[in-house]
Each structure stands twice: as C-alpha cells, then as structure tokens.
Amino acid sequence: MNGRTGAYVPGASPLHRLPAGAKLAGLAVVCTALVLLRSPFALGGAAVVTAGLYALSRVGVAAAWAQVRPVRWFAVALFVLQWVFVGVEGAAVTTLRVVVAVALAGLVTITTRTSDMMAVLERLMAPARLVGLDPFRLSLLLSLTIRTVPVLADLAGRVRDAQRARGVERSLRAFAVPLVVGALRHADALGEALSARGLDD
C-alpha cells in the first residue's frame, strides 16, 4: 500500500482508466467551481463527493490520507485565522475549499502515471515551440516538480521521526539542517540521472 503524497498507486479502477487529459481538465473545472462555491454545506458536499471518488479509485486509506496529511496543520491555522477575521462560516468555507482542492489534485496524481501526465502536458505546451522553448523539457520540469513533492514530504517525515527519537523535536535547527542536506542530495542524484540521459543542459 502506498502512503506517499502524489506517488502513483497502480490500479484498475475507472479513475485509473480515465485518460490523463480528461482528469487534468476535470481538475481545472472542479477547482474553478470550488472557488465559486460560498456555502459550507455545498463545500461539505464536495468533500463527501471527493471521499467517494477516493473510495472508487480503491487506492487505500493510507494513500488517501497521505494526500492531505501535509496540509493538516496549515488547514488548522487557516481555519483559526479566518475564524478571527471573517467568522466561523467564512473559515469553514475557505478551509474546506483548500483541503478539497488539495485532495482532488492528489487523487489525480496517484491515479495517473507520470509518463501519461507528461505526454498530455507536452501536447498542451506545443505552442511554446513558437518562442523557442522545448515542450518536452517543459513537461519534464513540471512532472519532476510534482514528483519531488512526495519525496520531500517523505524526507520531512523521516527527519521528524529522527528528531523524536533523539528528543529534540522542538529544535528548528535539528529539523532544517537534515532536511536541507537530504534535499540537496536528492537534487544531486536527480541531476546525475538527467545528465546520464543527455538532459544536463
């Protein structure tokens, strides 16, 4: 069972079989609709529908939770701040909107192969050739950005676990230094892999 943010989970559900282009277009439309919704009840309904889509995808609870876990504390802080400034209803609307959008984006990434997403993005960016840009490299950049999110989330989780084991979970330095070092090592390894494939420029 996959418990990483944004990491593809193999499957044969209807969502897995849906074309990558359709999922990306649907995500754009739904996120636009979320911005237009003003009622906490409507957004609560959107959250229920999103949970149903996760159930339909059959990716498992761990993979589903991994998509929203990185924003849980941000969501709490956002709700409190919004409650102070705009009231409880406005806080619920804003927080639900963010969490549902993140969950839907996560659902698209865990049910879509990176190669399929790259192919769609490359087609969409074909007009970039007119200004001298390579659509393949642009799509590769976007897909690598998406793929790096779960890697860094996993790294942050491991650093937090190591902090707790050493009893220094309140130390910002004990968290930041290993995280930065690990991120730089990942960047070096990724750069070497790209260089080996002739993409070092």
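Here the structure is shown first, and the text comes after it.
None of the values given here were measured: they were computed from a predicted structure.

Caption draft 1: Broad picture of the overall build of the chain. Looking only at helices and strands, one finds nine helices and zero strands in the chain. Going residue by residue from the N terminus, the α and β elements of the chain occur as α-α-α-α-α-α-α-α-α. Taken across its 201 residues, the chain has 29% of its residues classed as buried. For the chain, the share of sequence-separated contacts (at least 6 apart) that also reach a separation of at least 24 residues comes to 69%. If you sum the accessible surface of the chain, you get close to 12100 Å²; carbon and sulfur atoms cover 69% of it. Where the 21 positive side-chain charges of the chain centre and where its 11 negative ones centre are 8 Å apart.

Caption draft 2: Fine view of helix α5 (residues 72–86). Here α5 is 15 residues long and its end C-alpha atoms lie 20 Å apart, about the 21 Å a rise of 1.5 Å per residue gives. Gly87 sits one or two positions beyond α5 and adopts a positive phi of about 100°.

Caption draft 3: Main features of the side chain of Gln163. Tracing the chain through its elements places Gln163 in helix α8 (residues 135–166). What Gln163 contacts, discounting residues up to four positions off in sequence, is Val168, Glu169, Ser171, Ala174 and Phe175.

Caption draft 4: Representation of the packing of aromatic side chains within the structure. Taken as a whole, this structure holds one aromatic pair when the rule is applied. Relative to Trp83, the ring of Phe79 has its centre 5.6 Å away and its plane inclined at 65°; by these criteria the two rings are edge-to-face. Highlighted residues: Phe79 and Trp83, both in helix α5, separated by four residues, approximately one helical turn. Judged by its relative accessible area of 25%, Phe79 is partly exposed.

Caption draft 5: Spotlight on a nonpolar patch on the surface. Taken together, the side chains of Trp73, Val76, Val80, Leu81, Val84, Phe85 and Val86 present a nonpolar region at the surface, about 780 Å² in accessible area. Within the secondary structure, Val84 is located in helix α5.

Caption draft 6: Fine view of the pattern of salt bridges. For the structure shown, the criterion picks out one salt bridge. Across the pair Asp161 and Arg164 runs a salt bridge, and its minimum N-O distance is 3.1 Å. Within this pair, Asp161 and its partner Arg164 are both found in helix α8, separated by three residues, close to a single helical turn.

Caption draft 7: Quick peek at the side chain of Thr50. Here Thr50 is to be found in helix α3 (residues 40–57). Setting aside its immediate chain neighbours within four residues, Thr50 contacts Val100, Ala103 and Leu104.

Caption draft 8: Structural detail: the environment of Ala63. Mapped onto the fold, Ala63 is located in helix α4 (residues 61–68). For the pair Ala63 and Ile110, spaced 47 residues apart in sequence, the C-alpha to C-alpha distance is 8.1 Å.

Parameters and conventions
Residues numbered from 1 in each chain as written. Predicted model: local features only at pLDDT ≥ 70, side-chain atom pairs only at ≥ 80, totals over all residues. Heavy atoms only, no water. Helix = DSSP H or I, 4+ residues; strand = E, 2+ residues; numbered from the N terminus. Buried < 20%, exposed > 50% of the residue type's maximum accessible area, 1.4 Å probe, protein only. Contact = heavy atoms within 4.5 Å. Areas by Shrake-Rupley, 256 points an atom, 1.4 Å probe, with all protein chains shown as cover. Lys, Arg positive; Asp, Glu negative; His and termini not counted. Charge placed at Lys NZ, Arg CZ, Asp CG, Glu CD. Expected span 1.5 Å × (residues − 1). Phe/Tyr/Trp six-rings, centres within 6.5 Å; stacked < 30°, edge-to-face > 60°. Patch = residues over 30% accessible without salt bridge, like charges linked within 9 Å, V, L, I, M, F, W, Y side chains within 5 Å. Salt bridge = Lys/Arg side-chain N within 4 Å of Asp/Glu carboxyl O.

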